[in-house]
Amino acid sequence: MVEKQTLTHHTTKRLPLPFPASHPKHLRRRVPPAALPIVVIGQSLFLLLLAIAYALARSGYPARPLYWVGECGLVAVLVAAVGPLRLGEDAAYGVAFSTGLTSYLAMVLYDPFSFTFLDEYQHLQTATALLRSHSFAVGNTVLQVSPEYPGLEINADLVHRATGLSLVTCAYVTDGIYHVVAVLLVYAICRQLVGDAPAAVVGMAVFTFSPQFQFVDSYFTYSCLAITLGLAALYGTVMSATSPRRGWWWPAVGILCGVGCAVTHHVTSFAVAALFVLVAAVATLGGAWSQARRLWTVALPVAAFTLVWTVVVGTRTIAYLRSGIGGGGGVSSAAPHFAAGIPLDLPVVGRAPAPSSPAGDVVLELVGYAALAVLVAWAELTGGRVWLRRWRREPIAAVLTVSALAVLGLGAVREAVLGGSELASRTFVYVMLPAAFVVARRYEEVRSRRVAGATARRSSWFGGGTVPLAPVALGLVIWSGTLAAGWPAWYARLPGPAEPAAWDRSVDPALLACARWVATHEPRDQYIAGDQLSAEIVAAVARERVSLGATPTIFLARRATPALGQLARSYGIDLIIVDAAIDSRAPLDGSYFADDPLSGRYRSGLPAADIRKFQHWPGASVVYSNGRYSVVDLRGNR
Amino acid sequence: MNEHSRRAFPMRWVGLAVTLAIGACTLMPFCRVVAGVALVLCVPGASLAAAGGPPGGRLRVNLWAAGAVVVAVSVSVNAVVALAVGVAAGFQPTRVLIVVGGVSVAAQVVGLVTDRQRPPERRGGEGLPRAAWRPWAIACVLLSGAVAVSLVSAGALRQREAVVEVAARRSGDEVVVAVGSTSCTRGQTQRLTVAIGGRTSSWRVHASCARWAQVLVGRVHAGEQVRAVAEQRDRVPATVVLAG
């Protein structure tokens, strides 16, 4: 009997139980299962469902429900991780890694063989030029500002030279690393500022599944690397401000990554420098001299380098940003040609029903932004005032709290401003980190109140029952507010046959074959016209230039008249890229051309005569065709 | 953290660092072969080091170490087999080695993560329950399945998309018709029918993965229409008109 008691005592000591050994079995608290294995398996499973949905869609089967199940599942397992499961400090990093990896693979599996986004081909041109010339003095015929911020392309080129893999594969590999590291950094920043692992996971989820991060900010574009560097710089700054014992280590990380960000992307580097200066200024005003000194140590070099780089190297930046903000959806550049006596096929409306979007997707998009706004508003209204009162002690938190309000403004810009959709989409990532922070912080406050047993009612909401309602509601809001409202647009959510003016769905092997033919058979730096996506992708691959202004008139003209030839000559157009599908299918994006005067008014494709006229245009020759895309040579027109 | 884990835990980082260093060497063009061989040979050692190493100079055989040995040996064997098969199939040895290195690094990372999940007194490779690595294996299988489904699906689609290209520069030029697939994974034989004006000819062409079939079909003059159709795969008509 004595021996038995000793043995029991020994076992209890080696493996401490979460309840006294003397408790009756039915009163013992059940230890929740560990979150990490469940999250890893769950996200892998839902990624497999996504891949199956993609495969079904490519083969023409209905796959939309399965797709949404997969996307929902990626978020749902995170809800489980912060809700009923046991999530330790180290396991939370594993959860962040798994989330980053699976959310990136969700983008890659859309088309694992080639880029699907226009901007990726623009940066591919810079990367190829850098490889060939071994000089930074390379131009870009489509995105002229790209060579002035060559960080992304340099990295991809280095991996390409070292491994011999194709540039596209290298881009996928490097982008994957940036994406996963960015997610880990968001978790680490939230963890450091909020001080709670499950709450930091909530913040990480808000950021990872933000409207553009899963796709747009993971493409082979300079913002992909810059966001990661910017986050690393911010993490270095946060660490230097909150744990100064490491001396110069964290400020050095902040400065180096901030400098790297400055040579990689303009807007991201501006945002990072502005944030650093603002935080340091707030700390100075608050009289926290020691903290302010450490913050200025990072902010000043980063801001100075960003300014110098923009003035000395990035000379086209301001003009590029101005055109980006002012452009999109305008009709002015094409309008003068309407008065030039060229008969146009304007009444293209009414021949067929408009391309209809799945109603559920559109509703989700609208509800999504509202849900995101509600989420941020909830955090700001219930906790923001208290956090702002502590601005002297916590300048970084105060600045992030105020910055998060921009989410509400961006939603308004998207809906209210002409061309605001793209502007809002591209800038969303910069306000999602503050949004993630405020949501995480508020979540932590409510959760810690539950732990302290403040009120029984809230206790039942936050993990008290079998199904914790609050995390589930939070997950639904994150999912609908971010994934459902994000990129790709409803018409390109799933892969499939190429459609005109459908962004990710417009890139297909036939278009790339046409682009490669132009690259190998035509001189460089010619001006080409065509529908926006086809012309820009061919121009990016073949180092040609895109002609704007006259393109809508050339395509919409009913006949190939001498006046039309004169117009093409005046714009110096050498080649026209013709997508045969635009005579049968309306533009899913709403417009075929960059300056389309009929934007949003198409109900069907262009009349077939508009496309056939190129075959009978005096002096013009169709010099290439692959059944879908043709190249018309206009040089005989001169 | 007890005495054992204080010794063993840094060894895990050493193992990861060694593997990463070897992997980095593999990326260097000038020492690919040497580093590749070193990678294959050092994977077991690095895995053992990552698994806890021999604390106190004595190798402790436990579940995790045994599992690591299995992983390491299988990785090594796989590397050799993959090298032989991959090189025979035309892949670059570097690529095969990079994949093997990636798997090795992943194994180290998994070892570190699972180790840190355990209470401090049980770190260092002692008594890791078998269930600890099972979720990772399941996740790896699911992830591999997702990637495989996408690769096969997208690859099959692109394989089907045969493309016929007709190109002619100006009147009097010889017309070249090219047949192939934009992302070919295996060769394909097709019947190519080409009509220039009123004359129709047909060829049986074989487009390999590396090179599209190119057929010189004759001269074309202004106003003449060239129409080419490839059969046996998707019929993709291509038409060129010289109007100049």
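Here, every reference points to the structure presented above.
Below, the structure is looked at part by part. (Residues numbered from 1 in each chain as written. Chains lettered and ligands numbered in written order. Predicted model: local features only at pLDDT ≥ 70, side-chain atom pairs only at ≥ 80, totals over all residues. Heavy atoms only, no water.)

**Considerations on the overall build of chain B**
The number of helices and strands found in chain B is 5 helices and 7 strands. Taken from N to C terminus, the helices and strands of chain B fall in the order α-α-α-α-α-β-β-β-β-β-β-β. Within chain B, the fraction of its 244 residues that count as buried is 41%. Within chain B, contacts between residues at least 6 apart in sequence are counted, and of these 59% link residues at least 24 apart. (Helix = DSSP H or I, 4+ residues; strand = E, 2+ residues; numbered from the N terminus. Buried < 20%, exposed > 50% of the residue type's maximum accessible area, 1.4 Å probe, protein only. Contact = heavy atoms within 4.5 Å.)

**Regarding the overall build of chain A**
Broken down by element type, chain A carries 25 helices and 5 strands. When each of the 638 residues of chain A is scored for burial, the buried share is 58%. Partitioning the contacts of chain A with sequence separation of at least 6, the portion at a separation of at least 24 is 74%. Per element, the accessible surface of chain A, about 25,300 Å² overall, is 64% carbon and sulfur. (Areas by Shrake-Rupley, 256 points an atom, 1.4 Å probe, with all protein chains shown as cover.)

**Regarding the side chain of Ser146 of chain A**
All names here are of chain A. Tracing the chain through its elements places Ser146 in the loop between α5 (118-133) and α6 (151-163). Judged by its relative accessible area of 0%, Ser146 is buried. Setting aside its immediate chain neighbours within four residues, Ser146 contacts His123, Thr126, Asn140, Glu153 and Tyr222.

**Quick look at unusual backbone geometry**
Note on backbone geometry: most residues besides glycine have negative phi, and most peptide bonds are trans. Positive phi, normally seen in glycine, also occurs at Ala501 of chain A, with a value near 50°. Look at Asp525 of chain A: it is not a glycine, yet its phi comes out positive at around 60°.

**Remarks on the packing of aromatic side chains**
All names here are of chain A. Considering all chains together, one arrives at 25 aromatic pairs over all chains under this definition. Centre to centre, the rings of Phe115 and Tyr172 are 5.9 Å apart; their planes meet at 70°, and the pair counts as edge-to-face. Note that Phe115 is positioned in the loop between α4 (89-108) and α5 and Tyr172 in helix α7 (residues 167-194), a separation of 57 residues in sequence. Of the two residues, Phe115 and Tyr172, neither departs from the other in class, the shared state being buried. Stacked on the ring of Phe614, the Lys or Arg Lys613 has its end atom at 4.7 Å from the ring centre. (Phe/Tyr/Trp six-rings, centres within 6.5 Å; stacked < 30°, edge-to-face > 60°. Lys NZ or Arg CZ within 6 Å of the ring centre and 35° of its normal.)

**Side note on helix α16 (residues 395-403) of chain A**
The buried fraction of α16 of chain A amounts to 7 of the 9 residues, a majority that puts the element mostly inside the structure. Every buried residue belonging to α16 of chain A is among Pro395, Ile396, Ala397, Ala398, Val399, Leu400 and Thr401 of chain A, and all of these are buried.

**Observations concerning a nonpolar patch on the surface**
Residues Leu307, Val308, Val311, Val312 and Val313 of chain A make up a contiguous nonpolar surface patch of about 450 Å² in total accessible area. Relative to the helices and strands, Val311 of chain A is located in helix α12 (residues 289-312). (Patch = residues over 30% accessible without salt bridge, like charges linked within 9 Å, V, L, I, M, F, W, Y side chains within 5 Å. Salt bridge = Lys/Arg side-chain N within 4 Å of Asp/Glu carboxyl O.)

**A word on the packing of helix α11 (residues 266-285) of chain A against α12 of chain A**
All names here are of chain A. Running from N to C, α11 and α12 cross one another at 150°; their axes reach a closest spacing of 8 Å. Classified by the angle their axes make, α11 and α12 are roughly antiparallel. Once α11 is placed against α12, the crossing between them reads as left-handed. For the pair α11 and α12, contact is made by Ser269, Phe270, Val272, Ala273, Phe276, Val277, Val279, Ala280, Ala281, Ala283 and Thr284 and by Trp289, Ala292, Leu295, Trp296, Val298, Ala299, Val302, Ala303, Thr306 and Thr310, respectively. Within the contact of α11 with α12, the residues separate by chemical class into 17 nonpolar, 4 polar and no charged. (Axes fitted to C-alpha atoms, helices over the stretch in contact; angles between N-to-C directions. Parallel < 35°, antiparallel > 145°, perpendicular 65-115°, else oblique. Left-handed = near helix turned anticlockwise from the far one by under 90°. Nonpolar A, V, L, I, M, F, W, Y, C, P; charged D, E, K, R; others polar.)

**Topic: the side chain of Asp196 of chain A**
Residues and elements named next belong to chain A. Looking at the element boundaries, Asp196 is found in the loop between α7 and α8 (197-208). Within polar-contact distance, the side chain of Asp196 engages the backbone nitrogen of Ala199 at 3.1 Å. Excluding residues that lie within four positions of it along the chain, Asp196 makes contacts with Arg191, Glu444 and Arg447. (Polar contact = N/O pair within 3.5 Å; in protein donor to acceptor, adjacent residues only side chain to side chain.)

**A word on the nonpolar core**
Soluble globular proteins tend to pack their nonpolar side chains together in the buried interior. Residue and element names in this part refer to chain A. Core analysis: the biggest nonpolar cluster contains 174 residues, and Val201, Phe207, Leu231, Phe276 and Val631 have the highest contact counts within it. The contact partners of Phe207, leaving out residues within four places of it in the chain, are Val186, Phe213, Ile227, Leu231, Val429, Met432, Leu433 and Ala436. Ranked by size, the runner-up nonpolar core spans 25 residues in total, among them Ile554, Ile582, Phe593 and Val632. (Core = buried A, V, L, I, M, F, W, Y, C linked by side-chain atoms within 4.5 Å.)

**Some remarks on the pattern of salt bridges**
A side chain of one charge can pair with a side chain of the opposite charge if their charged atoms are brought near each other. Residue and element names in this part refer to chain A. Evaluation of the coordinates by the stated rule reveals 9 salt bridges over all chains. For Arg585, the salt bridge goes to Glu499, with nearest N and O atoms at 3.6 Å. With a gap of 86 residues between them, Arg585 in the loop between β3 (573-579) and α25 (608-612) and Glu499 in the loop between α20 (469-483) and α21 (509-521) connect regions that are remote in the sequence. Since its relative accessible area comes to 31%, Arg585 is described here as partly exposed. With a shortest N-O distance of 3.5 Å, Asp525 and Arg545 are connected by a salt bridge. Here Asp525 is found in the loop between α21 and β1 (527-530), whereas its partner Arg545 is found in strand β2 (residues 545-546), with 20 residues between them in sequence. Of the residues examined, Asp525 reaches a relative accessible area of 42% and is grouped as partly exposed. Here the residues in one salt-bridge network are Glu522, Asp633 and Arg635, joined through shared partners.

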